[in-house]
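# Summary of structural features
Spelled out from the first residue to the last, the chains are:
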Amino acid sequence: MFQDNPLLAQLKQQIQENLPKKEGTIKATEKGFGFLEVDAKNSFFIPPPYMKKCMHGDKVVAIIRTEKEREVAEPQELVEQAVTRFIGRVKLFKGKLNVTPDHPQLKKLTLKAKTIKGLKSDDLKEGDWVVAQLIRHPLKGDNGFFAEITEKITDADDKIAPWWVTLAQNDLPNTEPEGLEQWDIKDDEALERVDLTEMPFVTIDGESTKDMDDALYVKKNDNGQFELTIAIADPTAYITPEDNMDKVARERGFTIYLPGRNIPMLPRDLADDLCSLIENEVRPAICCQVTVDADGVIGDDIRFFAANIKSHARLAYDHVSDWLETSSSDKWQPSDEIANVVRELSEFAQARATWRETHAVVFPDHPDYRFELSEDNDVVAIHADMRRTANRLVEESMITANICAGRALSKAFGYGVFNTHLGFKADKLKDVVDLVNQDKEEATYTAESLSTLEGFAALRRDLGALESSYLDNRIRKYQAYSEISNQPDAHFAMGLDVYATWTSPIRKYGDMVNHRLLKALILGNEPVQKPDDELGEELAIHRKHHKIAERTVGDWLYARTLENDPKAGTEFTAEIFDINRAGMRARLLENGAGVFIPNPLIVANKERIESNNETGTVAIDKEVVYRLGDTLKVVLSDVNQETRSLVAKPVEVFAETPVEAKSDAEEAQK
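Residues numbered from 1 in each chain as written. Predicted model: local features only at pLDDT ≥ 70, side-chain atom pairs only at ≥ 80, totals over all residues. Heavy atoms only, no water.

### So, the environment of F226
As a reminder, the rule being used: Comment: elements are numbered from the N terminus, with helices defined as DSSP H or I runs of at least four residues and strands as E runs of at least two. Any two residues whose heavy atoms approach within 4.5 Å at even a single point are treated as in contact.
Position of F226 relative to the elements: it lies in strand β13 (residues 226–233). F226 sits 144 residues away from R370 along the chain, and the two C-alpha atoms are 34 Å apart. Setting aside anything within four residues of it in sequence, one finds F226 in contact with V218, K219, K220, V290, T291, V292, D293, A294, E344, E347, F348 and A351.

### Some words on the sheet that holds strand β26 (residues 617–620)
Short version of the rule: If DSSP finds at least two bridges between two strands, the strands pair. Note on definitions: angles span 0 to 180 degrees between N-to-C directions of axes, and those axes are lines fitted to C-alpha atoms, for helices only across the stretch in contact.
Pairing is antiparallel across the open sheet formed by 3 strands, whose spatial order is β25-β26-β27. Only two strands of the sheet have a single partner each, and these edge strands are β25 (609–612) and β27 (623–627). In this sheet, neighbouring strand axes are inclined to one another by 25° on average, regardless of whether the strands run parallel or antiparallel. Summarising the sheet, β25 and β26 pair through 4 bridges and their orientation is antiparallel. Within the sheet, the bridge partner assigned to E610 lies in β26 and is A619.

### Points about helix α3 (residues 161–169)
As a reminder, the rule being used: In this scheme, a residue with accessible area under 20% of its type's maximum is buried, one over 50% is exposed, and one in between is partly exposed, where area comes from a 1.4 Å probe on protein chains only.
In terms of residue burial, α3 counts as a mostly covered element, since 7 of its 9 residues are buried. Of the residues flanking the end of α3, it is D171, one or two places downstream, whose phi is positive at about 55°.

### A word on the UniProt feature "domain: S1 motif" (unreviewed entry) in the protein
How we decide: UniProt positions are given in the numbering used here, feature names are shortened, and annotations may be inferred rather than shown by experiment.
Summarizing the sequence annotation, UniProt attributes the feature "domain: S1 motif" (unreviewed entry) to residues 569–652 in the numbering used throughout. Spanning residues 569–652, this segment combines 5% helix with 60% strand, and its end C-alpha atoms are found 13 Å apart.

### A few points about the side chain of T617
For clarity, the threshold we go by: As used in this structure description, the phrase polar contact means that two N or O atoms lie within 3.5 Å; if the pair is within protein, one of them must be able to donate a hydrogen and the other to accept it, and residues adjacent in sequence are counted only when both atoms belong to side chains.
For T617, the position within the fold is in strand β26. Side chain to side chain, T617 and T615 meet in a polar contact 2.7 Å long. For T617, the contacting residues outside a window of four places in its chain are Y470, I579, E610, S611, N612, V624, Y626 and R627.

### Digging into the packing of helix α6 (residues 317–326) against helix α8 (residues 389–412)
Cut-off, in case you're wondering: Here is the rule for angles: anything less than 35 degrees is roughly parallel, anything more than 145 is roughly antiparallel, 65 through 115 is roughly perpendicular, and the remaining ranges are oblique. Think of it as three bins: nonpolar holds Ala, Val, Leu, Ile, Met, Phe, Trp, Tyr, Cys and Pro, charged holds Asp, Glu, Lys and Arg, and polar takes everything else, Gly as well.
Taken N-terminus to C-terminus, the directions of α6 and α8 make an angle of 105°; their axes are 7 Å apart at the nearest point. In this view, α6 runs roughly perpendicular relative to α8, as classed from their interaxial angle. Along its contact with α6, which presents Y317, V320, S321, L324 and E325, the element α8 presents T389, A390, N391, L393 and V394. In terms of residue class, the contact of α6 with α8 is built from 6 nonpolar, 3 polar and 1 charged.

### Thoughts on the pairing of strand β19 (residues 379–385)
Pairing of strand β18 (residues 368–373) with β19 involves 6 bridges; the strand directions are antiparallel. Counterpart to R370 in the pairing with β19 is H383. Where β18 hands over to β19, the hairpin turn is made up of 5 residues, of which N377 adopts a positive phi near 70°.

### Considering the layout of surface pockets
This is how the line gets drawn: Cavity: a set of points on a 1 Å grid over the protein atoms alone where a 1.4 Å probe fits but cannot get out. Pocket: an open set with protein on both sides within 12 Å along at least five of seven lines, its lining residues, like those of a cavity, having an atom within 4 Å of a point. Grid points are joined across faces, edges and corners, and a volume is the space filled by probe spheres set on the points.
Its volume calculated, the second largest pocket comes out at about 1000 Å³. Lining the second largest pocket are 28 residues; nearest its centre among them are A28, T29, E30, P104 and Q105. Those elements that place two or more of their residues in the lining of the second largest pocket are β1 (21–28), α2 (48–51), β24 (594–598) and β29 (645–650). Of the residues assigned to the lining of the second largest pocket, the class counts are 14 nonpolar, 8 polar and 6 charged.

### Thoughts on the pattern of salt bridges
Quick reminder of the rule: By salt bridge we mean one thing: a side-chain nitrogen of Lys or Arg within 4 Å of a carboxyl oxygen of Asp or Glu.
The full count for this structure, using the stated rule, is 39 salt bridges. In this structure, the salt-bridge partner of D322 is R388, at a minimum N-O distance of 2.7 Å. With a gap of 66 residues between them, D322 in helix α6 and R388 in the loop between β19 and α8 connect regions that are remote in the sequence. Of the charged contacts in the structure, one is a salt bridge between E396 and R356, with a shortest N-O distance of 2.8 Å. Of the two residues, E396 is situated in helix α8 and R356 in helix α7 (residues 336–359); the sequence distance between them amounts to 40 residues. Residue class for E396 comes out buried when judged on its relative accessible area of 4%.

### Topic: the pairing of strand β12 (residues 214–220)
Remember that side chains alternate between the two faces of the sheet whenever the strand is regular. Burial analysis of β12 places 5 of its 7 residues in the buried class, the great majority of the element. Taken together, the 7 bridges between β12 and β13 define a ladder with antiparallel strand orientation. For V218, the partnering residue across the bridge sits in β13 and is L228. Where β12 hands over to β13, the hairpin turn is made up of 5 residues, of which G224 adopts a positive phi near 90°.

### Some thoughts on helix α9 (residues 429–437)
Quick reminder: α-helices carry 3.6 residues per turn. Residues three or four places apart thus point the same way. Every buried residue belonging to α9 is among L429, V432, V433, L435, V436 and N437, and all of these are buried. Looking at the buried positions of α9, the neighbouring elements they touch are α10 (447–450), α11 (453–464) and α12 (470–476).

### Remarks on the confidence of the model for the protein
In low-pLDDT regions, the fine details of the predicted coordinates are not to be read closely. This is how it is decided: The predictor rates its confidence in each residue with pLDDT, a number between 0 and 100.
The predicted model of the protein has a mean per-residue pLDDT of 92, with 95% of residues at 70 or higher. Ignoring residues within four places in sequence, the model shows residues 658–670, a span with pLDDT below 50, making 4 contacts including any to other chains.

### Details of the sheet that holds strand β6 (residues 85–93)
Within the closed barrel, the 5 strands sit side by side as β6-β7-β8-β10-β9. Their pairing is mixed. With direction set aside, neighbouring strand axes in the sheet form an average angle of 55°. Relative to strand β10 (residues 146–154), strand β9 (residues 129–136) runs antiparallel, the two sharing 7 bridges. If you follow A132 over to β10, its bridge partner there is I149.

### Some points on the nonpolar core
Definition in use: Definition of nonpolar core: a set of buried residues of the types Ala, Val, Leu, Ile, Met, Phe, Trp, Tyr and Cys, connected through side-chain atoms within 4.5 Å.
By size, the foremost hydrophobic cluster in this structure holds 85 residues, and its most contacted members are I309, L315 and W502. If you tally residues by element for this core, the top one is α8, at 11 residues. Apart from the residues within four sequence positions on either side, I309 is in contact with L196, T197, F201, A215, A231, L277, E281, V282, R283, A285 and C287. Counting 39 residues, the second-largest nonpolar core is a separate cluster that includes F371, A559, A574 and L628.

As structure tokens, this is what we get:
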């Protein structure tokens, strides 16, 4: 009787208009209620009935009213919809099609759904992975949520789901671009290629690598100087800026590297064959020659030129490392000529590494974790590969080549595709100065000095020399992000005044652009392509999505692989890399898995523990017991397959106080 009463409806509207309103973001919980987070300090409770009109992440305007002596928020207006396109799993309810989003805060939300034209709902089964669009929302005046399934990704039980689902989630391609029946060299006719096929170049890569894009040669002179020649594969010989393949490469940005597989930026017939510097095959290349003295100083005689080269030896990292480190290798016995090239490359690399350790910044060694998969996509093993002598040899060669390109492009054009890093965030500089000087009688570092490349690099070297990585970990959050810019600038994180990569054009679109600029430099012409203002931002977004995808697939595989370890009680060594008020995040050093260690698993009584994000410490009874960079022994307490998350607890638990023990005993008696 009262439901359709216009007077009551008008009265209700007037009351709502007079109630205060707040704009904020919805935070959902597993128990059905939620919160309207207005800012870092203010939030309002949202009862379960009101949560049915919104979902986690929505930005809304809500009215604030008092119910049962508590302020609550009722969402009224949708400002920004959190979910549009999403990945989900098919849920069949009484034969009707539904979909559940694959998101930690949305997994209990089941949405009614339909399929787009051309996709049959009968082809979808319970648990299948799909792409969907949210097309109706209650706060838009719709009667409930409704989704449209636009694509089936794969079956529910497909073991390759981690890769396909993650790629779809990040809107990334799952296959390489389609190649051509015939590739023709399209270079400027004036670009003369020097014949260097007799120069004994070597390639050093992983044993399974097919897209070999760099070859090296060095000759040590009697005066101790090294004459280094770096040859880089040249896909721009086959692809012009006007070609459709260039557009495809730009849209992809990079080759996608995921655990166990990669999706090339360029077609495999180009990346793995025509451009790959295969042993004993003549290939077009762009080369850089430069002199490096015995102290590792790069000379001013940088020269770029086009050439035809031939790799004289296809070498593998581990075999070369074994030979250099032990003077022998069971799997590789080089000829005298190749042995001499490798030996002198190693001497060159050591000279450059020593120079960088003294004048620039050298990153600490951390293992690369590699998943070994079976043909059925099961994880056979997880390998922790340390960077060895041969890896460092190639790394120093590539860094040298990229420094040379940065200098040459800056001087010739004043633009290019540069990797830049500007040190500390300007608004955090005072915090850094206070932190690094806190235990010193006199201030060693100043804001002025840390604003310079030299001062920043000196601090990084000083921190690297400390036994503990605690301080190093703390100041990292004050650093700016690295960027890709079309203007030359310093790279503080590397301690270098300029840096432009061109050594991986098969795998990076920005390197292809730099190749075209280097060719213009060689010819003395105007470049056929200039990096536009949008390129750096596009590449940064690609790089971000690729890193997210790599991490997501890794988390999925870790959850699969370590599923039985909580029951087995396997002990791991974990290194703490983040601390927040809820606990610690750490990396398992044996396999690289990320784990969360919540405060209640460190000590039961929450009053005793304080996890401080600002200081990067965990204190119990006001005494610091853990700091960033510390290692501890842990066991896994939970492996959640749905969220692909790992929870761990310390092997050494903190004892209860007598008061706690008494309280627990009293509680048990009750």
